[in-house]
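These are the residues of each chain, in order.
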Amino acid sequence: MAELARLEAITKSFGGVRALRGVDFDVQTGEVHALVGENGAGKSTLMRVLGGEMAASSGEVRIEGKRVELRGPREARAHGIAIIHQELALAPDLSVAENIFLGELSGVISWSALRRRASELITSLGFEIDPGRRAGTLAVAHQQVVEIAKALSRKVKIIVFDEPTAVLSAQDAGRLHGIIGRLRSEGVGVVYISHRLEEVLTLADRVTVMKDGQVVATRPAADLTIDEMIRMMVGRPMAALFPEKKPRKIGDERLVVRNLQAGRLVRDVGFSVRAGEIVGLGGLVGSGRTEVARVIFGADRLEGGAIVLNGAERKVRSPKDAVKAGVCLVPEDRKAQGVVLEAPIRVNVTMARLSAVVNRFGFIRRALEHRIVTDLGASLKLKASRIEAPVSSLSGGNQQKVVLAKWFLAGGDIIILDEPTRGVDVGAKSEIYGLILKLAEEGKAVLVISSEHQELFGLCDRILVMGEGQLQGELAPADYSEEKLLSLAIPRSPSHTKAA
C-alpha cells in the first residue's frame, strides 16, 4: 500500500470552540479506513478539511507525500478527492446525466454522448438508472449511486462516504458495500463514516475512533469488537447503553389490532400492547413493519380488520384521527415526515398540540410556549443554542429528541417508534433509550420497530417478528437471540415449512 493522503496535527476552532485538537489521520491505496465516534466528535469536520470545504486552523494536509493548500472543494477534486455527504447534493431538477457531468455543461454539448457516458458509469456500478430521468424523482439509494458515479467521473483517488447506509434498505446497503469492495480492489482509498458498527467491522481494514475532537486510537478492524469501539467512543460498554429496567406496572390493553389488511405487506396482522409495556416489532426490511405502523396511525388506508384503542374500536382514517385518539408516531424518516427542518424548534414541538399554547382568541401565548418548549427540551437533554434555531441546525440525535418532545407534549397513550435511533450516535442512543423507558414507566403503551436486534433485546418486554406481511411468531426475553429472531423473520417456502 502507498499513502494517498495524510492529515497531520489538524486543529480547527469555531470561535472559542475547538472542534479538532491535533488530529492525525491517513488513507492508503486500496483500503477502507473507517472513522467512528459520537456526533460532535469531529469526524465530519476532519473530512471537510480533507475535502477543501474548510481550512484547518493549523496543521498540514499531504496528498501523495506533497504538502498542499486546499483552498476549496474544486482544488480537492483536482487532487482526486470526492466526498459523498449524508445530505446528498444533487440538483433535483436536472437529469441524472446532467448531475454526473455538471462540471462539463458548457459550450456545445452532445446530449446523446453525455447520456451514453452516464449510462456506462452507472452500469459499471451494477445499477440500471435512466440517465435522462430527473434526479429528484429517484429513490434515495439511486440518488446515492448518481453521487458515486459523479465522483468516479473525475478519476477519484480518495472517496469519503459519510453515513451512506443510514437511509438504505439492507439490500441496497449490500449493493453499496459491493461497490466499495470494487473501489478498494481498484486501488481507491475509501474513508467510511458510520454509526452502524457491525458494518464497520465487516467493511473496514482500519478503524480510527474519535472523541471530543481527538483521535482515541487507530487499530486494524480485525483486532476490534463492537464493545471495544463503544467503550472508546463513550467510555462504557454496549450493555451499559440500556438504562436499568425498573419494575413497571403492566395495565390494560391500550392498543389491539385484529386481522389488519392493507396491501401486500399487511396481511391478517393481529397483536396487542398494554399500558406500561414495550413491545418490539422485528423482521427484515420490507417485511411490513412500517406499513403496520402507518395503518394504525391512519397514514395508509385500512382495507380490513379492526383497530381498538383504549377498549373502543375506532375508525382511524387519517393521522389527525389517530392523534385525537391518543396515537403518536415517531416515523422512520424523521427529516421528511417527523419534523419541518427549516422551522424553529418551538414550532416543531408544539405543532401536534397547538391548543396547549394558544389563547381563546387563537393567538399563540409566546411566553407560555417558550416556557413549555424550554422545559421539555431540558427534560429530554436537548442540545440546542436556542428554541428559535431551525431543526436543520441540530444533530440527528437532537432532531429525534424534537420529534419525541412533540409527542410528549401531545400526550398520547400509544407511542409507536419506527427506527427511533437510525442515524444517531451511540451517546444519543442511550439517552433516547432512557426516554422510551420513561414513556413506559408513565403508563404509555410503546411499540418499537427496529432493524437493530440488540436494540430490541435491550428495550423490549417481548418481540413480535414479521415476515412477508404477516406475524411469524413472538419471542419472550428468555428466547432473545439473533438466531431465533432471524429464523422467524426469514421467509420459508410452504414445502420447507411443512417438512420442518
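Structure shown above.
Scope of this entry: the structure provided in the associated data block. (Residues numbered from 1 in each chain as written. Predicted model: local features only at pLDDT ≥ 70, side-chain atom pairs only at ≥ 80, totals over all residues. Heavy atoms only, no water.)

1. Quick word on the packing of helix 14 (residues 396-410) against helix 15 (residues 426-441)
In step 1: The contact between helix 14 and helix 15 brings their axes to 10 Å, and the two run at 15 degrees. The orientation of helix 14 relative to helix 15 falls into the category roughly parallel. Like other packed secondary-structure pairs, helix 14 and helix 15 cross with a definite hand, here left-handed. Of the residues in helix 15, those in contact with Gly397, Gln400, Lys401, Leu404 and Phe408 of helix 14 are Ala428, Glu431, Ile432, Leu435 and Leu439.
In step 2: When grouped by side-chain class, the residues that make up the contact of helix 14 with helix 15 number 6 nonpolar, 2 polar and 2 charged. (Axes fitted to C-alpha atoms, helices over the stretch in contact; angles between N-to-C directions. Helix = DSSP H or I, 4+ residues; strand = E, 2+ residues; numbered from the N terminus. Parallel < 35°, antiparallel > 145°, perpendicular 65-115°, else oblique. Left-handed = near helix turned anticlockwise from the far one by under 90°. Contact = heavy atoms within 4.5 Å. Nonpolar A, V, L, I, M, F, W, Y, C, P; charged D, E, K, R; others polar.)

2. Considerations on the pairing of strand 13 (residues 278-283)
In step 1: Extensive coverage of strand 13 is indicated by the burial of 6 of its 6 residues.
In step 2: Alternating positions in strand 13 separate into two faces, Ile278, Gly280 and Gly282 on one and Val279, Leu281 and Gly283 on the other, with burial throughout.
In step 3: Where strand 13 and strand 18 (residues 445-449) come together, 4 bridges link them in parallel fashion. Its bridge partner lying in strand 18, Leu281 is registered against Ile449.
In step 4: Relative to strand 19 (residues 462-467), strand 13 is paired through 5 bridges, and the arrangement is parallel. (Buried < 20%, exposed > 50% of the residue type's maximum accessible area, 1.4 Å probe, protein only. Pairing = 2+ DSSP bridges.)

3. Some thoughts on the packing of aromatic side chains
In step 1: The final tally for this structure, using the stated rule, is 3 aromatic pairs.
In step 2: Summarising the aromatic geometry, the rings of Phe242 and Tyr433 are spaced 4.6 Å apart at their centres and angled 15 degrees between planes, so their arrangement reads as stacked. In this pair, Phe242 sits in the loop between helix 8 (226-234) and strand 11 (253-261) while Tyr433 sits in helix 15, placing the two residues 191 residues apart along the sequence.
In step 3: Residue Tyr433 is classed as buried on the basis of its relative accessible area, which comes to 2%.
In step 4: Note on Phe297 and Trp407: the rings are 6.1 Å apart at their centroids and 85 degrees apart in plane angle, and the pair reads as edge-to-face. Within this pair, whereas Phe297 is found in the loop between helix 9 (289-296) and strand 14 (304-309), its partner Trp407 is found in helix 14, the two being separated by 110 residues in sequence.
In step 5: Of the residues examined, Phe297 reaches a relative accessible area of 9% and is grouped as buried.
In step 6: Trp407 sits in the buried class, given a relative accessible area of 8%.
In step 7: Here the basic side chain of Arg117 rests over the ring of Phe101, its NZ or CZ set 4.2 Å away from the ring centre. (Phe/Tyr/Trp six-rings, centres within 6.5 Å; stacked < 30°, edge-to-face > 60°. Lys NZ or Arg CZ within 6 Å of the ring centre and 35° of its normal.)

4. Thoughts on helix 8
In step 1: Residues of helix 8 that are buried: Met229, Ile230, Met232, Met233 and Val234.
In step 2: Close packing links the buried residues of helix 8 with strand 3 (32-36), helix 7 (197-203), strand 9 (206-211), strand 10 (214-220) and helix 15.
In step 3: At the exit of helix 8 stands Gly235, carrying a positive phi of roughly 85 degrees.

5. Details of the state of the cysteines
In step 1: For the structure on display, the rule yields 0 disulfides.
In step 2: This cysteine, Cys328, is not joined by any disulfide, and Cys460 carries the nearest cysteine sulfur, 18 Å off. (Disulfide = S-S within 2.5 Å.)

6. Overview of the sheet that holds strand 14
Strand pairing in a sheet relies on backbone hydrogen bonds. The paired strands run either parallel or antiparallel.
In step 1: Spatially, 4 strands are ordered 12-11-14-15 in an open sheet, and the strand pairing comes out antiparallel. Every other strand in the sheet has two partners, leaving strand 12 (267-274) and strand 15 (312-313) as the edge strands with one partner each.
In step 2: Relative to strand 12, strand 11 is paired through 6 bridges, and the arrangement is antiparallel. Bridge pairing links Gln261 to Arg267 in strand 12.
In step 3: Strands in contact with helix 9 are strand 11, strand 12 and strand 14; relative to strand 11, the strand with the most contacts, it is inclined by about 110 degrees.

7. Topic: the environment of Gln28
In step 1: Mapped onto the elements of the fold, Gln28 is located in strand 2 (residues 17-28).
In step 2: Taking C-alpha positions, Gln28 is 7.1 Å from Ala5, a pair spaced 23 residues apart along the chain.
In step 3: Excluding its chain neighbours within four sequence positions, the residues that come into contact with Gln28 are Met1, Ala2, Glu3, Leu4, Gly189 and Arg206.

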